[in-house]
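Each chain, letter by letter, is given below.
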Amino acid sequence: MRRFGMLALGITLLAACSFNLTVPLPEQRVQVPLADSQGRVVYPAQTLSFPPPGGVVRRAEVRGTLEADQALNATLALYVRLQDPEEDPKCLALRDLNGAPLGYACPVGPGDEKVGEASFAASKTAPLGLRGEQLTQGVQRGKLWLGLQVQGLPSGLVELRFKDLKAILTLGL
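S.K.: How should the pattern of salt bridges be read in this particular structure?
M.R.: Working definition: two side chains of opposite charge can pair if their charged atoms are close together. In total, this model carries 8 salt bridges according to the counting rule given. Of the charged contacts in the structure, one is a salt bridge between E159 and R29, with a shortest N-O distance of 3.6 Å. Of the two residues, E159 sits in strand β10 (residues 158–171) while R29 sits in strand β2 (residues 28–32), which places them 130 residues apart along the sequence. Across the pair E67 and K163 runs a salt bridge whose closest N-O atoms are separated by 3.7 Å. Residue E67 is located in strand β5 (residues 57–81), and its partner K163 is located in strand β10; the two are separated by 96 residues in the primary sequence. The exposure class of E67 is partly exposed, given its relative accessible area of 28%.

Next comes the structure, spelled out in structure tokens:
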């Protein structure tokens, strides 16, 4: 019984050593040239990078808004990955008419984690609430890729922006 009491005291002390911190994240833009990504996740060409928060991040939740350049009626699945899609041979490069990279369409694999959804109802904006283990690791590193699995988008190029992003972090042991 004494051992259990010491363990409970140790867990309580560890929990007391954690605290929450909110960190602003930069905006990210994704241009999607597909009405349907056919099960693939579209990642931007550029990473979402920012100064790492320092300390041990136990949990991260990212909140913000996903904004489209036109009104949409769709629910988009949101994914995160830590590996550069440009370096992944399974990812297909998406380019504009001039050959400039728009992003990459990657099959969902072990390095891709679904972290949430964004639902548009005849609107240009959808709230975001993203959570996941790889998201937490990416915030800890200060570098990650946010991607979208799309279906039912209008034909042609649709631009989406991750705006007003902030990470709510739980730091500690």
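What follows picks up the thread again.
S.K.: Help me understand helix α2 (residues 133–141), please; the structure alone is not making it clear to me.
M.R.: Two residues of an α-helix separated by three or four positions point the same way, owing to the 3.6 residues in each turn. Among the residues of α2, those classed as buried are Q134, L135, T136, G138 and V139. Backbone geometry just downstream of α2 places G142 in the positive-phi region, at approximately 80°.

S.K.: Help me understand the confidence of the model for the chain in this model?
M.R.: Fine structural detail should not be taken from predicted coordinates in areas where pLDDT scores are low. Of all residues in the chain, 90% have pLDDT values of 70 or greater, and the mean over the chain is 87. Averaged over each element, pLDDT in the chain is lowest for helix α1 (residues 2–16) (42) and highest for strand β8 (residues 112–131) (96). In the predicted structure, residues 1–15 sits below a pLDDT of 50 and forms 1 contact with residues beyond four places in sequence or in another chain.

Parameters and conventions
- Residues numbered from 1 in each chain as written.
- Predicted model: local features only at pLDDT ≥ 70, side-chain atom pairs only at ≥ 80, totals over all residues.
- Heavy atoms only, no water.
- Salt bridge = Lys/Arg side-chain N within 4 Å of Asp/Glu carboxyl O.
- Helix = DSSP H or I, 4+ residues; strand = E, 2+ residues; numbered from the N terminus.
- Buried < 20%, exposed > 50% of the residue type's maximum accessible area, 1.4 Å probe, protein only.
- pLDDT = per-residue confidence, 0-100.
- Contact = heavy atoms within 4.5 Å.

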